[in-house]
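Report on the structure
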Amino acid sequence: MNTADDGPGGDASQALRAWAETIETSFIEIGQSLTRGDTAASYLRTLDVFERTLQGLHAQGVIDQTQLGELAGTIADMRKVPGLL
């Protein structure tokens, strides 16, 4: 879902905003919200851990550089979610 190539208001930008709402809904279901600083900080730290896991998988040869790049792009988009709410 990397949106780097789309300008403001582009289709991917709209898709990212819709995805942000979906992610927020999943947090609301457990009584949390990414609009809260502590919850957003925990969410972002989890993405840090996941990104390090992907880097480890790449280092072990489980995923290749292209796969790592695509997955890292998705994580980069996910990092934008708290700011879109």
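Scoring rules and cut-offs
- Residues numbered from 1 in each chain as written.
- Predicted model: local features only at pLDDT ≥ 70, side-chain atom pairs only at ≥ 80, totals over all residues.
- Heavy atoms only, no water.
- Helix = DSSP H or I, 4+ residues; strand = E, 2+ residues; numbered from the N terminus.
- Buried < 20%, exposed > 50% of the residue type's maximum accessible area, 1.4 Å probe, protein only.
- Contact = heavy atoms within 4.5 Å.
- Salt bridge = Lys/Arg side-chain N within 4 Å of Asp/Glu carboxyl O.
- Core = buried A, V, L, I, M, F, W, Y, C linked by side-chain atoms within 4.5 Å.

Counting through the fold element by element, Val 81 comes out in helix 4 (residues 81-84). Given the relative accessible area of 0%, Val 81 is considered buried. Through-space distance from the C-alpha of Val 81 to that of Ile 23 is 7.9 Å; in sequence the pair is 58 residues apart. Apart from residues no more than four positions distant in its own chain, Val 81 is found in contact with Ala 20, Ile 23, Leu 34 and Tyr 43.

If you walk through the whole model with that rule in mind, you get 5 salt bridges. Note that Arg 36 is salt-bridged to Asp 38, the shortest N-O span being 2.7 Å.

With 12 residues, the main nonpolar core is built from Ala 20, Ile 23, Phe 27, Leu 34, Tyr 43, Leu 47, Leu 54, Ile 63, Leu 68, Ile 75, Met 78 and Val 81. Only helix 1 (11-28), helix 2 (37-59) and helix 3 (65-79) provide two or more residues apiece to this core. With residues up to four places along the chain from it excluded, the contact list for Ile 23 reads Leu 34, Tyr 43 and Val 81.

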